[in-house]
Structure formats: structure tokens, C-alpha cells
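This is what each chain is made of:
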Amino acid sequence: MRITVLSGGVGGARFTRGLRALLPDADVTVIANTGDDMWLHGVRVCPDLDTLMYTLGGAVHEDQGWGRRDESRRVSDDLQAYGLGWDWFTLGDLDLATHLARTELLRAGLPLSQVTARLAERWQPGVTLLPMTDDEVETHVVVEDGRTMHFEEWWVRYRAALPARRFVQTNLAAATPAPGVLAAIADADVVVIPPSNPVVSVGTILAIPGIRDALRATAAPVVGVSPIVGGAPVRGMADACLTAIGVETSAVGVARHYGRRPDGVLDAWLVDERDSGALRELEAGGWIARAVPTLMTDVDTTAEIAAAALALVDRLP
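Residues numbered from 1 in each chain as written. Predicted model: local features only at pLDDT ≥ 70, side-chain atom pairs only at ≥ 80, totals over all residues. Heavy atoms only, no water.

An account of the nonpolar core is requested, with residue identities and associated values reported.
Soluble globular proteins: nonpolar side chains tend toward being buried together. One finds W154, F167, Y258, W269 and L282 to be the most contacted residues of the largest nonpolar core, which totals 53 residues. With 5 residues, helix α11 (residues 251–258) is the single largest residue contributor to this core. Discounting chain neighbours no more than four positions away, the residues touching F167 are T139, H140, V141, W154, V199, V200, C241, A244 and I245. Counting residues in hydrophobic clusters, the runner-up holds 39 residues, among them I3, L52, A59 and L112. (Core = buried A, V, L, I, M, F, W, Y, C linked by side-chain atoms within 4.5 Å. Buried < 20%, exposed > 50% of the residue type's maximum accessible area, 1.4 Å probe, protein only. Helix = DSSP H or I, 4+ residues; strand = E, 2+ residues; numbered from the N terminus. Contact = heavy atoms within 4.5 Å.)

Now the structure itself:
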């Protein structure tokens, strides 16, 4: 069974871990958002790729959902003693080794997709991990006072508290899908959009020229899992992102944001049981939809959520 997942960081990584537990023999490809990537201290940082790699490779800091467990920050602390770096975004010492390795390979001329494959050889995530593009695409935020800043500054430093006017992906028009991305969508038995941020994570993946069209054209069913539980995001500040683009923070609002094929990208939508009141409206609009508990409290529970998503499109073995 070939399953393709379009993923951001924490939510997508945890969902994919549950999917692997459910179907350990499945051929899973994860297409990761790289819009959060940035240069920091001269190294290339890829937050979502690393969260996926660490989570699926068994090295993630479970309480945070990102970064390495048993981490230290001596290098970042010493950089700050020189008046360098940001106190709101520190690189752990173990994590820094990953960024140094990535940067060395990139500067040697390897594209990000090949670099990611090299890094994944160490962690053995059990999936084919692909960046959405080999090109440098970064998400920036234009805030209400007119300033433009990298998404990570808006998200981590300001906790999305500065009202956003819009999101801008640099170099987007010239970007192309990384090798293997379009084939992974076209050749899949099912495509899953997990509970990742629909605006800046999955939305950025869909904005890469060719990817949205590939989803509309694939013969595989496409099922999504709502990131909204009881009218609010489970973690993070996805509601601030939705508000910035004029989308209601609700299971129905996000479903309509993605859209139903052939004009949109989804065939079915799994919502949390606390949003079961949305089912009537969704089904009246032609959606295949179901409500189940969707809080990913542990791997076994997440495997059940993955099973419910696949059952919506009749793709359980």
C-alpha cells in the first residue's frame, strides 16, 4: 500500500508515526513543508523536516514535540554572551550538529532532497522523506504595522500575537516540486493531509507550482484530518493564521478552505467528535465526513485516528 502524506511539523509527524504503527508494511512518503526554513548562525535550519525525522526516528523531545531529547544549549548560550543570536530561537547543541551537516552537504552542491535522504540514513524514519521543493522558499509575514518578518519570528518570538495582514512565500513562483514529489502523489493508493497548519504548512506545500494540480488529478482518494478540535487549534496558533486569510476557525471553515475535488483537493474530511455538529453541514455539501476522537494522546490512539481516516475512503487492507 502506497500512502503519501503532506505534512507540517509536530501534528503531521505525530500522525505519521501513528500511521506507521497501524500499517508497518505500508510504503509511506512524506512531503514536508520547507516554508519555515531559514538561515541562522550561517547554517540552514529546516524545522519541519527535522521534526519529522526526529519523531519518526525516535529521537524527538516528546514533551515539546520538536527538537532532540536530552538536549543542551551551551553553544547558543555562549553565542548570546557575544551578543549574537536570538533569545527567542535557540539551537540545541545536538540539533546544531544536524544543521551543520545539512549546510556542509548543501554547500557541497547537493540539493535539499538528496541532503534530506543522507540525514535520514542515520535516523531510519521508516518513510521516504521529501522536502516539498529543493528551492529556498521562505514564509514571511506582513503584520498590521507594515513590518515584514520571517514566519518563525512572528510565530515563536511574538506567539502570533501581532495581527497578520498576509503571508508571503519568497521565491514561490520560481520554485518547482522536489524530485519524487509529483510521482508520490500520482502513484499513491491514498493521499492524507494530517492535522497540520492549513495555512502556512499544508498551504505552503499546495502553493508550490504543480502540487495542487497533482492532487486534483490523482486517481488516489485524498482524505484530510481536521486540525480544529472544539472550534480551536489543538496546539500552536493556527487560528491566527486562518483569521489573517479570512477563514473561520472551525472544522467546516478549514474543510472549505481546502475545498472538495475537483475544484479543491479533498475527497473526505475527518473531524473531532466535539465538532460532530459540523457533519450535517458537510454532508449536505457533498462531503464524505465522520467524527471521531482526534486528540493524538499516544501512538496507539493516533493509529486509531489514522485508521478512521483511511476507512473514510475505504483504504484499509
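Now, about the pattern of salt bridges: what can you tell me, with residues and values included?
Per the stated rule, a full pass over the model turns up 11 salt bridges. D213 is paired through a salt bridge with R216; the nearest N and O atoms lie 3.8 Å apart. Note that D213 and R216 are positioned in helix α9 (residues 211–217) at a spacing of 3 residues, about one turn of the helix. Owing to a relative accessible area of 49%, D213 belongs among the partly exposed residues under this scheme. (Salt bridge = Lys/Arg side-chain N within 4 Å of Asp/Glu carboxyl O.)

How would you summarise unusual backbone geometry if you had to cite specific residues and measurements?
Of note, the bond from R261 into P262 is cis; its omega dihedral lies within 30 degrees of zero at 15°. Inspection of the secondary structure assignment puts P262 in the loop between α11 and β13 (268–272). Non-glycine residue Q124 carries a positive phi angle of around 50°. One can find Q124 in the loop between α5 (112–123) and β5 (128–131). At A160, a residue that is not glycine, the phi angle is positive and equals roughly 60°. With respect to the helices and strands, the residue A160 is situated in the loop between α6 (151–157) and β8 (164–170). Judged by relative accessible area, A160 falls into the buried class, the value being 10%.

Mind laying out the environment of A220, listing which residues take part and the relevant values?
With respect to the helices, strands and loops of the structure, A220 is situated in the loop between α9 and β10 (222–225). A relative accessible area of 3% places A220 in the buried class. For A220, the contacting residues outside a window of four places in its chain are A188, D189, V190, V191, R261 and D267.

Lay out the pairing of strand β1 (residues 2–7) with the relevant residues and their values.
For β1, the tally of buried residues reaches 5 of 6 residues, placing the bulk of the element in the interior. Relative to strand β2 (residues 27–32), β1 is paired through 6 bridges, and the arrangement is parallel. Bridging across to β2, I3 finds its partner in V28. Judged from the 3 bridges that link them, β1 and strand β9 (residues 190–193) form a sheet pairing that is parallel. Paired with I3 across the bridge in β9 is V190. (Pairing = 2+ DSSP bridges.)

So, to be careful, I would describe these as geometric facts and stop short of saying anything about function.
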